[in-house]
Amino acid sequence: RAMLIRPDSSLYACRDGTMLRVARAANGGMAIASVGERSFRLSRVDSPVEEKYSDGASTLYLDGSQALLTADSFVVAGPCLSTTPLPVVQPWQPQ
């Protein structure tokens, strides 16, 4: 399976017209999600989706080129799609 390489900062266009900006730490351990004037500082947590960040009340889901941000069980931004293509690295296959 191909591995998606996310840049440190990504911009997502959401269905309702809002823009979601995600800035990730270089080690992938945390992310800051911003929508308008609101920002959420979130830590990476284990999840079956590609990447999930949460502080217990707010959660950011990143899966492929899609993103979703919730706060207190309500959708803040989403569904959203990356505004630029995300690079993909194919797994190494022995010859």
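Refer to the structure printed above.
The structure presented is a predicted model; accordingly, all values stated were derived computationally and were not measured.

(A) Highlighting the environment of Ser43. In this structure, Ser43 sits in strand β5 (residues 38-44). Linking Ser43 and Ala25, residues 18 residues apart in sequence, is a C-alpha distance of 9.8 Å.

(B) Structural detail: the pairing of strand β6 (residues 51-54). Bridge analysis of β5 against β6 gives two bridges, and the strand direction is antiparallel. Counterpart to Arg44 in the pairing with β6 is Tyr53. Count of turn residues in the β5/β6 antiparallel hairpin: six residues. Where β6 and strand β7 (residues 58-63) come together, four bridges link them in antiparallel fashion. Looking at β7, one finds that Ser54 is bridged to Thr59. Following β6, the chain reverses through three residues before pairing antiparallel with β7; Gly56 in that reversal takes a positive phi of roughly 100°.

(C) Broad picture of the pattern of salt bridges. The tally for this structure, following the rule as stated, stands at two salt bridges. Taking the shortest distance from any N to any O, the salt bridge between Glu51 and Arg24 comes out at 3.1 Å. Of this pair, Glu51 sits in strand β6 while Arg24 sits in strand β3 (residues 19-24), and the two are 27 residues apart along the sequence. An identical accessibility class is assigned to Glu51 and Arg24; each is buried. Of the charged contacts, one joins Glu51 and Arg44 as a salt bridge, the two residues approaching to 4.0 Å between their closest N and O atoms. Note on Glu51: relative accessible area 6%, which makes it buried.

(D) Seen up close, the sheet that holds β3. One closed barrel holds the eight strands; their spatial order is β2-β3-β4-β5-β6-β7-β8-β9, and the pairing between them is antiparallel. Put simply, the sheet's adjacent strands are angled 30° from each other on average, direction ignored.

(E) Region of interest: unusual backbone geometry. Of note, the bond from Gly78 into Pro79 is cis; its omega dihedral lies within 30 degrees of zero at -5°. Mapped onto the fold, Pro79 is located in strand β9 (residues 74-82). The backbone of Asp72 sits at a positive phi, close to 50°, despite the residue not being glycine. The residue Asp72 is located in the loop between β8 (66-71) and β9 in this model.

Cut-offs and rules
Residues numbered from 1 in each chain as written. Predicted model: local features only at pLDDT ≥ 70, side-chain atom pairs only at ≥ 80, totals over all residues. Heavy atoms only, no water. Helix = DSSP H or I, 4+ residues; strand = E, 2+ residues; numbered from the N terminus. Pairing = 2+ DSSP bridges. Salt bridge = Lys/Arg side-chain N within 4 Å of Asp/Glu carboxyl O. Buried < 20%, exposed > 50% of the residue type's maximum accessible area, 1.4 Å probe, protein only. Axes fitted to C-alpha atoms, helices over the stretch in contact; angles between N-to-C directions.

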